[in-house]
Amino acid sequence: MKRVKRSLLLLMVMSITVFSVIAEETILEWWSWDVELKARNEAIIKKFEAENPGVKINLTTLSTSEYWTKIRLLANQKKLPDVFEMSSGYVEEWARDGLLLDLTPYVNTSLNKNDYYMSVFEAGKDIAGQGKYYAFPFALVTTVLFYNMDMFDKAGLAYPNANWTWDDFKKAAKKLTIDKNNDGTIDQWGFWFYGRYAHIEPWIYSNNGELLDRKTMTYNPDANAVEAMRFLTDLVLKDKSAPSKKAMSAFRQQDIFPQGIAAMWVDGSWNIDNNRTVADKKTRWGIAEVPRGPNGTNKYVNGWPDYFAISPYTKNTELAWKFTKYICGEGLSLDMYMAGKIPTYRKLAESPDFLQKDKMPPNMDILLKQANMPMKSSYSIGWSEWRGYGAAESVGLNGIIDAIIDGDMSFDNGMKTANESINKILKRYYR
Amino acid sequence: MLIPKNTNKQRTNVGKHRLAWYNSIYPWLLLLPTLIGLIVFRILPIAGSFYLSFTDWDFLRAPQFIGMDNFREAFSNPSFLQVVANTLLFSALYVTGIMIIGLFLAVLVNSKVPGVSFFRAAFYLPVVTSAVAVGIIWRWILSPNYGILNNFLQIIGINPPFWLGDKSIALFTVSFIQVWKMSGYYMIMFLAGLQDIPISVKEAALVDGANSRQLFFRITLPMLSPTTFFVLTIAIIDSFKNFELIYTMTRGGPQNATNTLVYDVYLNAFVHYRMGYSSAVSFILLLGVGLITYLNFKMKKRWVNSEY
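Residues numbered from 1 in each chain as written. Chains lettered and ligands numbered in written order. Predicted model: local features only at pLDDT ≥ 70, side-chain atom pairs only at ≥ 80, totals over all residues.

**Description of the overall build of chain B**
Selection rule: Helix numbering and strand numbering both begin at the N terminus, where a helix is a DSSP run of H or I of at least 4 residues and a strand a DSSP run of E of at least 2. The globule rule used for comparison is 2.2 Å times the number of residues to the exponent 0.38, while the radius of gyration itself is calculated over C-alpha atoms.
When its secondary structure is counted, chain B shows 13 helices and two strands. For 308 residues, the compact-globule estimate of 2.2 N^0.38 gives 19 Å, and chain B exceeds it by more than 25% at 27 Å.

The following block contains the structure:
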């Protein structure tokens, strides 16, 4: 009988202990769209939980397309996860609707600013458009000029460098456009682009141009922006050193440069990863800053962050901040970054491993230089619609530039159409 | 013990009453799971979408009632009118192609030649192949400089066009590929119809001296009309569901040239998050499909011969 009593007592004590542990446990919900990083994110959670007893992190990982639909509905129901991944394309809209916790007090008081590229924080602040930090950037992407070193060597050209101007670029593009067997078909293009945002905007910002008037939120490309668009479209229509969009219609756009069809290409730095996969292992290629336009000063770089944000409805603000700081900095390792994405946490970005000297391109240090520069991008509310992005890339400004280089629309008509149609869209979003 | 004479009769009547109640509720009980599914997953979302078509809703905020603004915006937008024109052209090309090629293939595989089963399976294969895979492979085939088709055309001295890049032919190209993919499906329907035609009628025509052309156009085709009507109705509805190939091959481009109503619904709902406008476009599509199907049924009496 005594034994039974003792056992019952022990059971009660154990139950109370377990119950109290459960009762004390603080749970944070974390949402991410990076399916490939799921296992590594789970490892981060284990480490964080070990360092913070009584904290439990629930990770939900969804593919990008599913992620945005579901999280928007959760936002509508005020049931956002405590911490969630945020994109530069949506940060302004979400900040406007009060769906992101204002991190300004935390950034100002609880962040060692020497540990991070604060230029990236500033870029995020500019995109959100309210003079406040609404999300914590963990990575930065910039746009760069990719060039094929073998083709440059064969043509006897010096590689692009930070002092390259549009004229230097134009001459090189012409020389690199080659019909190898004289059959009237170009086998190697000097350059290639279409209306895609990461193909056009870098040239606009390298000429000190602007597409949007941010005060009135209207599409109002200044003379420098128009000059950049004319320069690019002339490469196809006059110089014939870049192909039309329709001539490249069968390719995945990101494969054209690494497959050796074009000698130069401007796009996001994250394409370093795909270039390494697609390009022949013997091919040598590098990256450079986008050439400077006649009105350019090399002051700005076209770049934007990826972030984690905190729900304004979270009941554990301090813990959510602590965890966000962890998953944007000390909790991360370099192998979690796709090649070409730059960690905002300096310790990672400035470690020798980031440069990956044993792989192409040999000059990854350019990315670190860019990370310190002020940044610009064209993101706004309704961006995918007016800019023409992803599944909608045949419309908006993207579609219009494609129409110009395909010879279906004159440049002036294209600019006029863009002005009318884009302002109609922006007016709807900013009424 | 006094037993009333009509007790058995009364019992039978009571039983019948009970059975009547049971009989009236029993079919509904069996239908209940389907009805619940129909109401929850079809009727309520359709009703919800109908309401949303009069609102401005970006998912983030509560829907705002804006009356007919979405419909007004659609019909005053030139690019939407282009989308409607693209949809109708795609539909016309698809339905015509599918009817002719589906029937042609069905007549081919209806003959009793050795190995015909292989051809039936081969023609049906694209139907069960993933639309994404079909789209990617056709993109390779149609590649301007490296595609097998253009290389072949160049060898025989033809200057090939940009099949997917030229805005004047891209919609025709995508329609053709959709026809290629789905012909096998309609072939099976036509084949069933062909095999249902009594052989005695054909034999009688042959005895009367009909040649094979007369046999096909005067006997087979009229007697196939119920199947043809069914295939036409299904093909028209099917022609408006053309999302996958467009998404894989052209993304609505070049310059909106292959953007159709279904693709436009997707773009507005899940890329631009304009659920209200997207619902309005959905209802325009629904009305269009409904109207064409209604007209098709109205015309049925004129050409469908359902008795033989």
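**Thoughts on the pairing of strand β1 (residues 26–32) of chain A**
Residues and elements named next belong to chain A. Threshold: DSSP-based pairing: two strands are paired if at least 2 bridges between them are found. Whether a crossover is right-handed depends on one test, that the path from the first strand over the helix to the second runs clockwise when the strands point away from the viewer.
Looking at chain direction, β1 and strand β2 (residues 55–61) are connected through seven bridges and run parallel. The residue of β2 that forms the bridge with Trp31 is Thr60. Handedness of the β1-helix α2 (residues 38–51)-β2 crossover: right-handed. One ladder, built from two bridges, connects β1 with strand β3 (residues 83–87); its direction is parallel. Looking at β3, one finds that Trp31 is bridged to Phe84.

**What about the interface of chain B and chain A?**
Selection rule: By the convention adopted here, residues are in contact when the distance between their C-beta atoms, placed from the backbone, does not exceed 7 Å. Residues were grouped as follows: Ala, Val, Leu, Ile, Met, Phe, Trp, Tyr, Cys and Pro as nonpolar; Asp, Glu, Lys and Arg as charged; and all remaining residues, including Gly, as polar.
Taken together, the 29 residues of chain B in the interface contact 26 residues of chain A. Within the residue set of the side of chain B that touches chain A, elements represented by two or more residues are α5 (131–141) and α12 (261–271) of chain B. The element that contributes the greatest number of residues to the side of chain B that touches chain A is α12(B), accounting for three residues. Residues that form the side of chain B that touches chain A fall into these classes: 13 nonpolar, eleven polar and five charged.

**Points about the confidence of the model for chain B**
Our working definition: pLDDT: the predictor's confidence for each residue, scored from 0 to 100.
Across chain B, pLDDT averages 90, with 93% of residues at or above 70. Under the prediction, the complex receives an ipTM of 0.88, its pTM being 0.88.

**Looking at the packing of helix α3 (residues 78–110) of chain B against helix α10 (residues 225–239) of chain B**
Residue and element names in this part refer to chain B. Selection rule: Comment: axis = line fitted to C-alpha atoms, over the contacting stretch for helices; angle = value between 0 and 180 degrees taken between N-to-C directions. By the definition adopted for this analysis, an angle is roughly parallel if under 35 degrees, roughly antiparallel if over 145, roughly perpendicular if from 65 to 115, and oblique otherwise. It is the rotation of the near helix from the far one that decides the hand of a crossing: anticlockwise by less than a right angle makes it left-handed, clockwise makes it right-handed.
Interaxial distance between α3 and α10 falls to 9 Å at its minimum, and their mutual angle equals 140 degrees. Taken together, α3 and α10 sit at an angle that is classed as oblique. Note that α3 runs across α10; the crossing there is right-handed. On α10, the residues touching Phe90, Ser91, Tyr94, Val95, Ile98, Met99 and Gly102 of α3 are Val231, Leu232, Ala235, Ile236 and Ser239. Its residues assigned to classes, the contact of α3 with α10 comprises nine nonpolar, three polar and no charged.

**Quick word on the nonpolar core**
To keep things clear, this is the line we draw: Among buried residues, those of type Ala, Val, Leu, Ile, Met, Phe, Trp, Tyr and Cys that are joined through C-beta atoms within 7 Å form a set called a nonpolar core. Counting other C-beta atoms within 10 Å of each residue's C-beta, where C-beta atoms are placed from the backbone, gives the exposure class: buried for 20 or more, exposed for 12 or fewer, partly exposed between.
Within the largest apolar cluster, 175 residues are counted, with the highest numbers of intra-cluster contacts made by Val91(A), Phe191(A), Ala262(A) and Phe308(A). A total of ten residues in this core trace back to one element, the largest contributor, which is helix α7 (residues 170–196) of chain B. Among residues more than four places away in sequence, those in contact with Ala262(A) are Trp189(A), Phe191(A), Trp192(A), Ile256(A) and Phe257(A).

**Observations regarding unusual backbone geometry**
Excluding glycine, residues mostly have negative phi values, and the peptide bonds linking residues are mostly trans. Residue Met360(A) is joined to Pro361(A) through a cis peptide bond whose omega torsion reads -5 degrees. If you trace the backbone, Pro361(A) turns up in the loop between α14 (352–355) and α15 (365–371). The omega angle of the peptide bond from Gly253(B) to Pro254(B) is -5 degrees, so this bond is cis rather than trans. Looking at where Pro254(B) falls in the secondary structure, it is placed in the loop between α11 (243–249) and α12. Unlike most non-glycine residues, Lys240(A) shows phi in positive territory, near 60 degrees. Judged by the 16 C-beta atoms lying within 10 Å of it, Lys240(A) is partly exposed.

**Here we look at helix α8 (residues 199–207) of chain B**
Across the nine residues of α8(B), zero count as buried, placing the element largely on the outside. Note on α8(B): the residue one or two positions beyond its end, Gly209(B), has a positive phi of about 95 degrees.

**With respect to the environment of Leu397(A)**
Residue and element names in this part refer to chain A. Within the fold, Leu397 resides in helix α17 (residues 396–405). What makes Leu397 buried here is the crowd of 27 C-beta atoms within 10 Å. Between the C-alpha atom of Leu397 and that of Leu368, which follows or precedes it by 29 residues, the distance is 30 Å. The contact partners of Leu397, leaving out residues within four places of it in the chain, are Gly195, Trp386, Arg387, Gly388, Ala418 and Ile422.

**Digging into the packing of α8(B) against helix α9 (residues 212–223) of chain B**
Residues and elements named next belong to chain B. Interaxial distance between α8 and α9 falls to 11 Å at its minimum, and their mutual angle equals 160 degrees. Relative to α9, the element α8 is oriented roughly antiparallel. By crossing handedness, the relation of α8 to α9 is classed as right-handed. Judged by residue contacts, Val201, Lys202, Ala205 and Leu206 of α8 engage Leu215, Ile219 and Met223 from α9. Classifying every residue of the contact of α8 with α9 gives six nonpolar, no polar and one charged.

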